[in-house]
Amino acid sequence: MKGVLFDLDNTLYAAESDLFGLIDVRINAYMRDVVGIEAERVDYLRRHYWEKYGVTLRGLMHEYGTDAEHYLEYVHDVDVSSRLQPDPELKICLQKMPERRFVFTNGSSDHARRVLKCLGIEDCFEHIYDIRISNYMPKPHPYPYHAALKHAGMRGEECIMVEDSLPNLHTAARLNMGTIWINSRTDGRVSHVDAVVPDVARATGVIGSWREMRAACAQ
Ligand SMILES: [Mg+2]
């Protein structure tokens, strides 16, 4: 394996920190206060956009002509440091990996940089691929995967993806990537993912064991 694509939110930090909850509030505020959607319709529209477009942003772009950059700046304007602390154990795990490491997120790279800085792992990644890489088309659509692979100069079978979203891993699997699902509530194996672990540090352990297996097979 040459590279690992790490999702950002609820993958590189635990979902329990509820940082995403702060972003959630900002998305609702954007729809209500900036776009002018009635408060009672916001929840329904967000669900509808998720089902139809994959992310709220695409729905707002299509149906309200929302400026994507303005939206990204507004919804990610949250106090990341109020929810995240440095994770020196994760830093050591990442630094020990010989594979190339990337962040691959549906958020913005500015938000990703703030998160990585709070976790103390901003130097652990070669590049951040954000939703801009495919003209705001989000995972699990295959466009951003192809764009990230092309930029990194890798093929799908040379990559592993670490994610908390199953649909996002399904696309990765279809592109022949190895898949690791971050989920602390599921025991045992899940079909169509290669491994399930409760946190990202353990994902790096799984990647290490795959590396050792391949090395043993090659001898
Ligand atoms: Mg995520």
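Residues numbered from 1 in each chain as written. Predicted model: local features only at pLDDT ≥ 70, side-chain atom pairs only at ≥ 80, totals over all residues.

> What is the right way to look at the pairing of strand 4 (residues 159-163) in this model?
In summary, the side chains of a regular strand alternate between the two faces of the sheet. Of all five residues in strand 4, five are buried; the element is thus mostly enclosed. What you see with strand 4 is no split at all: Cys159, Met161 and Glu163 on one side and Ile160 and Val162 on the other are buried throughout. Pairing of strand 1 (residues 3-6) with strand 4, which is carried by four bridges, proceeds in the parallel orientation. Paired with leucine 5 across the two strands is methionine 161, which belongs to strand 4. Strand direction decides the pairing type here: strand 4 and strand 5 (residues 178-182), joined by four bridges, are parallel. Across the sheet, isoleucine 160 pairs through a bridge with glycine 178, a residue of strand 5. (Buried ≥ 20, exposed ≤ 12 C-beta atoms within 10 Å, placed from the backbone. Helix = DSSP H or I, 4+ residues; strand = E, 2+ residues; numbered from the N terminus. Pairing = 2+ DSSP bridges.)

> What should I look at first to understand the pairing of strand 1 in this one?
Burial along strand 1 is two-sided: Gly3 and Leu5 and Val4 and Phe6, pointing in opposite directions, are all buried. In this structure, strand 1 lies alongside strand 2 (residues 100-104), joined through four bridges in parallel fashion. Within strand 2, the position partnered with glycine 3 by the bridge is arginine 100.

> Honestly, the environment of alanine 172 in this entry has me stumped. Any pointers?
Position of alanine 172 relative to the elements: it lies in helix 8 (residues 166-174). Measuring from C-alpha to C-alpha, the distance between alanine 172 and histidine 141 comes to 9.9 Å, with 31 residues separating the pair along the chain. Beyond its immediate sequence surroundings of up to four residues, alanine 172 is in contact with Tyr145, Met161, Met177 and Thr179. (Contact = placed C-beta atoms within 7 Å.)

> Where do I start with the packing of helix 2 (residues 39-53) against helix 3 (residues 56-64) in this structure?
Helix-helix packing: each pair is described by the crossing angle between the helix axes and the interaxial distance. Here helix 2 crosses helix 3 at 95°, and the two axes come no closer than 7 Å. By the angle class used here, helix 2 and helix 3 are roughly perpendicular. Between helix 2 and helix 3, the residues in contact are Leu45, Arg46, Tyr49, Trp50, Lys52 and Tyr53 and Thr56, Arg58, Gly59 and His62, respectively. Partitioned by chemical class, the residues of the contact of helix 2 with helix 3 number four nonpolar, three polar and three charged. (Axes fitted to C-alpha atoms, helices over the stretch in contact; angles between N-to-C directions. Parallel < 35°, antiparallel > 145°, perpendicular 65-115°, else oblique. Nonpolar A, V, L, I, M, F, W, Y, C, P; charged D, E, K, R; others polar.)

> Is there a simple way to explain the sheet that holds strand 5 in this structure?
Pairing between the strands of a sheet comes from backbone hydrogen bonds, and it takes one of two forms, parallel or antiparallel. Taking strand neighbours across the sheet as the criterion, the six strands line up as 3-2-1-4-5-6 in an open arrangement whose pairing is parallel. Because the sheet does not close on itself, it has two edges, and the strands there are strand 3 (127-129) and strand 6 (195-197). Here the strands of the sheet are splayed against their neighbours by 25° on average, with no regard to which way each runs. Taken together, the three bridges between strand 5 and strand 6 define a ladder with parallel strand orientation. When the sheet's bridge partners are listed, isoleucine 182 is paired in strand 6 with valine 197. Of the strands in this sheet, strand 1, strand 2, strand 3 and strand 4 are in contact with helix 7 (residues 142-152), which crosses strand 2 at around 150°.

> Before we go on, may I ask you to explain the domain arrangement of the protein chain in this structure?
Many analyses report the size of an interface as the accessible area lost when the parts associate. Here the protein chain is described as being made up of domain 1 (3-14 + 86-218) and domain 2 (19-75). The C-alpha centroid of domain 2 is placed 26 Å from the C-alpha centroid of domain 1. In this complex, domain 1 contributes nine residues to the contact, which on the side of domain 2 involves nine residues. When the residues that make up the side of domain 1 that touches domain 2 are grouped by side-chain class, the tally is four nonpolar, four polar and one charged. (Domains from an automatic or database assignment.)

> Sorry, what's going on with helix 2 here?
Helical geometry note: an α-helix holds 3.6 residues per turn, so side chains three or four residues apart project in the same direction. For helix 2, which comprises 15 residues, the first-to-last C-alpha distance of 21 Å matches the rise-based estimate of 21 Å (1.5 Å per residue) to within 8%. Within helix 2, only one of the 15 residues are buried, which leaves it mostly out in the open. Directly after helix 2, the chain includes glycine 54, whose backbone phi takes a positive value near 95°. (Expected span 1.5 Å × (residues − 1).)

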